[in-house]
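# Analysis of the macromolecular model
Here is how the chains run, residue by residue.
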Amino acid sequence: KQWYQRRVRASANKLNYNKEVVKYRKRVISWYSDVLQAPRVDLRHVVMESHLPAMPFRTNFAVSQLLHFALKYREQISGALPQSGTTVTQSDFDVVCKPPH
């Protein structure tokens, strides 16, 4: 009985697969015809637009993320400051990254 049920399910799956292939093929043909009918795009315009930010830069969010990671990795940053060659001192870092009370 199980063999028969598996065979019936397999046949049903093949029928469903064949139906889906036909639907998918129609959708692909429709998509390609839409693409072919779309107006041509000037590549210079695309290159110029690709250099523009997708959304305005959110300064407050960026600063909050920087502070979050600075606090999270405070010890590693403090240990690396003397060897970094930057003008930022340990006291500067401590003033900026005071842990919240």
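Our structure is the block above this text.
The following refers to the structure shown. (Residues numbered from 1 in each chain as written. Predicted model: local features only at pLDDT ≥ 70, side-chain atom pairs only at ≥ 80, totals over all residues. Heavy atoms only, no water.)

### Focus: the overall build of the protein
For the protein, the count of helices and strands is five helices and zero strands. Taken from N to C terminus, the helices and strands of the protein fall in the order α-α-α-α-α. Counting over 101 residues, the protein shows a buried share of 5%. Total accessible area computed for the protein in this model is approximately 10000 Å², and 62% of it derives from carbon and sulfur atoms. (Helix = DSSP H or I, 4+ residues; strand = E, 2+ residues; numbered from the N terminus. Buried < 20%, exposed > 50% of the residue type's maximum accessible area, 1.4 Å probe, protein only. Areas by Shrake-Rupley, 256 points an atom, 1.4 Å probe, with all protein chains shown as cover.)

### A word on the packing of aromatic side chains
In this structure the tally under the stated criterion is two aromatic pairs. An angle of 85 degrees between the planes, with centres 4.9 Å apart, marks the rings of Trp 31 and Tyr 32 as edge-to-face. Assessed through its relative accessible area of 52%, Trp 31 is described here as exposed. Measuring from centroid to centroid gives 6.4 Å for Phe 69 and Tyr 73, while their planes differ by 5 degrees, and the two rings are stacked. With a relative accessible area of 39%, Phe 69 lands in the partly exposed category. The class of Tyr 73 is partly exposed, set by a relative accessible area of 36%. (Phe/Tyr/Trp six-rings, centres within 6.5 Å; stacked < 30°, edge-to-face > 60°.)

### With respect to the environment of Ala 80
Along the chain, Ala 80 falls in helix α4 (residues 74–84). For Ala 80, a relative accessible area of 41% puts it in the partly exposed group. Between the alpha carbons of Ala 80 and Gln 90 there is a distance of 9.8 Å; along the sequence they are ten residues apart.

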